[in-house]
Amino acid sequence: MIAFLFNMAASFTHPVTPTLIVERNLDSSMFGVALAAMMTMYFLFSPLWGRLCSYMPTKRVMLICSIGYSVGQIFFGMARSEAAVIGGRMFAGIFTGGCFVAMANYVINMTSQNISERGQNLVILTTIQSVGSAVGYFIGGTLGLISVEAAFMSQVACLSLSGILWNIFCTDDTPYKVKPDHALRLKDVNPFSAIIAAKGFMTPMLAIVFLITAISAIGQNSYEQCFNYYIKDQFGMSSAYNGMFKAGIAALTLFLNSTVSLYLQKKTDINKSFLYILIICTLLISLVLNHPSRFLFIAVYIIYSSVMVLRLPLLQMLSANRSNQNNSNAVMGFYQSMNSFGGIFGALFAGLIYAKGPNLPFILAFIAFLTAAVLGFCYQFMYKKEKY
């Protein structure tokens, strides 16, 4: 229940961020640059929070990070300059990763004796995060009709309340985890450790999977961040529309995940079928490159966003299937790093090139997915040689 409140609140300001940028006459690149700054700090500090969960009660980490996230959003909401926006987003990013890392660690620690139950609880947590985020997007868009400040004030209050409630009602998980026998060391929280460890497991096939993961993440974030700003800047649509689109995407995503995704994973060879998703995403993006009508522009975005989500579990399974018991953690850590890197550069590039032309981020997204699809054909060719 508290995790739902937190994830809902975390999305309150997403639909009003384009309005904040336009109303305060900030540079249009801020919609991408600010997110890239936040995601960079998320990447750099997540290992630290993960390790701290071993040294102190996880519920205390959730409290600290929720309050820190709230303070960062206060800075962001008060920002009147580009530097202030970036600073606020970077401060929030330090703590954002800690919230999500701590939630996952708490679930693992409290169900560590039962692997099946742990898996079920992690799926529940992921579902809560997705549904809560969609609901928060809708509520935030509605609050944005009142004012940008209303969305930010509501977010700060709910994020802080979540941390306090976690600290009050969650069990101290210290007895359920093994405390390290040494003090925290710098190398223990090195965010590049997953990359350094790659030399021990990397193969040509895995390298292609990771390239596809990173490049498609560039395309996803370029498209996603540009769309949110584009409909405000070019169409003059309010934040409420942004929230309604996300609600539609959430419903369609839930349907596709419970039907198409399960079918692909259970009834097909994912080493081949993942390519279909990349091709469909590439074709959908191509429809918005030539100044389409408003209806087509929005319809394609909703369908694309729902289909695009299908690639995540498929690429994750491709990575996991090429790992073994000894290196699975390192492989999945590298997979997450590739997703983060793609997200950082996708958001950054989209923000920087938007000022040169509103359609350029969509062209970047198309090129990224086309490149990922070409790499997918290369992977499939090598897979057939490997198999036969």
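Residues numbered from 1 in each chain as written. Predicted model: local features only at pLDDT ≥ 70, side-chain atom pairs only at ≥ 80, totals over all residues. Heavy atoms only, no water.

Chemist: I would appreciate a short explanation of a nonpolar patch on the surface in the present structure.
Modeler: Among the surface-exposed residues, Ile67, Val71, Ile74, Phe75, Met78, Ile164, Ile168 and Phe169 lie close enough to one another that they form a single nonpolar patch of about 750 Å² accessible area. When contributions to the nonpolar patch are tallied by element, the ones reaching two or more residues are helix H4 (58-78) and helix H7 (148-169). Of all the elements, H4 adds the most residues to the nonpolar patch, at five residues. On the secondary structure map, isoleucine 164 appears in helix H7. Accessibility expressed as a relative area gives 40% for isoleucine 164, which makes it partly exposed. (Patch = residues over 30% accessible without salt bridge, like charges linked within 9 Å, V, L, I, M, F, W, Y side chains within 5 Å. Areas by Shrake-Rupley, 256 points an atom, 1.4 Å probe, with all protein chains shown as cover. Salt bridge = Lys/Arg side-chain N within 4 Å of Asp/Glu carboxyl O. Helix = DSSP H or I, 4+ residues; strand = E, 2+ residues; numbered from the N terminus. Buried < 20%, exposed > 50% of the residue type's maximum accessible area, 1.4 Å probe, protein only.)

Chemist: Just to check I follow, could you spell out the nonpolar core for this structure?
Modeler: Membership of the largest hydrophobic core comes to 101 residues, with the highest contact counts inside it found for Tyr69 and Tyr223. Sort the elements by how many residues they give to this core and helix H9 (residues 204-233) lands first, with 15 residues. Excluding residues within four positions of it along the chain, tyrosine 69 makes contact with Phe6, Ala10, Met38, Ala92, Phe95, Thr96, Cys99, Gln155 and Leu159. If you look at the next biggest cluster of nonpolar residues, it comprises five residues, including Ala36, Phe43, Ile344 and Ala347. (Core = buried A, V, L, I, M, F, W, Y, C linked by side-chain atoms within 4.5 Å. Contact = heavy atoms within 4.5 Å.)

Chemist: What is the right way to look at the pattern of salt bridges in this model?
Modeler: Side-chain pairs of opposite charge can arise where the charged atoms are in close proximity. Applying the stated criterion across every chain, the model contains one salt bridge. Note that arginine 24 is salt-bridged to glutamate 149, the shortest N-O span being 3.0 Å. Separated by 125 residues along the polypeptide, arginine 24 in the loop between helix H2 (17-23) and helix H3 (30-55) and glutamate 149 in helix H7 bring together distant segments of the chain. The buried category is assigned to arginine 24, whose relative accessible area is 11%.

Chemist: Looking at this structure, I do not really get the confidence of the model for the protein. What am I missing?
Modeler: Note that predicted coordinates carrying low pLDDT should not be read in detail. Mean pLDDT over the protein: 84, with 93% of residues reaching 70 or higher. When mean pLDDT is taken per element in the protein, H7 scores highest with 95 and helix H8 (residues 193-196) scores lowest with 67. (pLDDT = per-residue confidence, 0-100.)

Chemist: Hey, could you run me through the packing of H3 against H4 in this one?
Modeler: Two packed helices can be described by the angle between their axes and the distance between those axes. At their nearest, the axes of H3 and H4 sit 10 Å apart, and the two run at 155 degrees to each other. It follows from the interaxial angle that H3 and H4 lie roughly antiparallel. Judged by the sense of rotation from one axis to the other, the crossing of H3 with H4 is right-handed. Here Met38, Trp49, Leu52 and Cys53 of H3 come into contact with H4, specifically with Thr58, Val61, Ile64, Cys65 and Tyr69. Here the contact of H3 with H4 is composed, by residue class, of eight nonpolar, one polar and no charged. (Axes fitted to C-alpha atoms, helices over the stretch in contact; angles between N-to-C directions. Parallel < 35°, antiparallel > 145°, perpendicular 65-115°, else oblique. Left-handed = near helix turned anticlockwise from the far one by under 90°. Nonpolar A, V, L, I, M, F, W, Y, C, P; charged D, E, K, R; others polar.)

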